[in-house]
Amino acid sequence: MLLYKDVRWGGPVLELKAKDYAGALANLETLGWYGIVSSFKILFAPDLSDLSDDISFDTPWNGESGAAIDVGVGADGTAWVVSPGHKVYRYDGVADWEYMNLDGATRLDVDPFGDAWVVLADGGIRKFDNGAWMVIPGSAMDIGVGADGGGSVWIIGTHPMNRVMRYDPRVDGSWIDMNGHGSRLDVTADGRVWIVKYG
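Residues numbered from 1 in each chain as written. Predicted model: local features only at pLDDT ≥ 70, side-chain atom pairs only at ≥ 80, totals over all residues. Heavy atoms only, no water.

K.L.:
Just to check I follow, could you spell out the pairing of strand β12 (residues 140-145) for this structure?
P.N.:
Side-chain positions along a regular strand alternate between the two faces of the sheet. For β12, a buried count of 5 out of 6 residues is recorded, marking the element as mostly surrounded by other parts of the structure. Sheet topology places β12 next to strand β13 (residues 153-158); 5 bridges connect them, and they run antiparallel. The residue of β13 that forms the bridge with Gly 144 is Trp 154. (Buried < 20%, exposed > 50% of the residue type's maximum accessible area, 1.4 Å probe, protein only. Helix = DSSP H or I, 4+ residues; strand = E, 2+ residues; numbered from the N terminus. Pairing = 2+ DSSP bridges.)

Here it is as structure tokens:
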């Protein structure tokens, strides 16, 4: 793992090798970097037992322009972000980000067709469809979309608070209460949801 004090993988860098989480924390404390790391790159070894001081495994990263507080990528590779100013942008696939005429966003995810589902600061839900933003009834604090079939859409709802709900495409604007609570979620390619309970 390469650790940086700069959020854009710049500035002072420390290469850290550890076989487990406890070992990584111990090394951070020993080297005086605990609590000051702001970005990192993970280096993968084919076999962790082969790690030694004279071996370095580096995974290259492609830097893109801009800044974001949330990002989502569809199964088709389309990338969307929420900017620090809470505006929604879509990557044009070449070299720039296109502003998509939606403000006030806090969270987003992208369906298999490359369309974004967005949660607004007031809890409102929007879906980009055929070049326009659709209002989706309901209120959410997080959203996740799977890559299965039509794209399973899940939210952490606000009414009732922190309830896990799944969108029912058969009934426009209908959310099914899935009898769970959480604060954050994401959805696997086959439509299963992973939830952070609280935190």
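K.L.:
Sorry, what's going on with the packing of aromatic side chains here?
P.N.:
Think of a pair of aromatic rings as described by two things: how far the centres are apart, and how the planes are tilted against each other in angle. Throughout the structure, instances matching the rule amount to 7 aromatic pairs. Between Trp 80 and Trp 133, the aromatic rings sit 5.9 Å apart at their centres with planes inclined by 75°, giving edge-to-face as the arrangement. With Trp 80 in strand β5 (residues 79-82) and Trp 133 in strand β11 (residues 132-136), this pair connects stretches of sequence that are 53 residues apart. On the basis of relative accessibility, which here comes to 0%, the residue Trp 80 falls in the buried class. When the ring of Phe 128 is compared with that of Trp 133, the centres are 5.0 Å apart and the planes differ by 65°; the resulting orientation is edge-to-face. Its relative accessible area of 8% is what places Phe 128 among the buried residues. Following the ring pairs from residue to residue traces out a cluster consisting of Trp 80, Phe 128 and Trp 133. (Phe/Tyr/Trp six-rings, centres within 6.5 Å; stacked < 30°, edge-to-face > 60°.)

K.L.:
Help me out: how do you make sense of the sheet that holds strand β6 (residues 87-91) in this one?
P.N.:
Whenever strands of a sheet pair, they do so through backbone hydrogen bonds, lying parallel or antiparallel. Pairing is antiparallel across the open sheet formed by 4 strands, whose spatial order is β4-β5-β6-β7. Because the sheet does not close on itself, it has two edges, and the strands there are β4 (70-73) and β7 (97-103). Averaged over all adjacent pairs, the angle separating strand axes in this sheet is 20°, with direction ignored. Two elements, β5 and β6, share 3 bridges in a ladder whose sense is antiparallel. (Axes fitted to C-alpha atoms, helices over the stretch in contact; angles between N-to-C directions.)

K.L.:
Mind showing me how you'd approach the pattern of salt bridges here?
P.N.:
Pairing is possible between side chains of opposite charge, provided their charged atoms come close. Inspection of the entire model under this criterion finds 7 salt bridges. Notably, a salt bridge pairs Arg 107 with Asp 70, separated by 3.8 Å at the nearest N-O pair. With Arg 107 in strand β8 (residues 105-110) and Asp 70 in strand β4, the pair connects residues that are 37 residues apart, well separated along the chain. Taking relative accessible area as the criterion, Asp 70 reaches 13% and is therefore assigned buried. Taken together, the shared-partner salt bridges connect Asp 70, Arg 107 and Asp 142 into one network. (Salt bridge = Lys/Arg side-chain N within 4 Å of Asp/Glu carboxyl O.)

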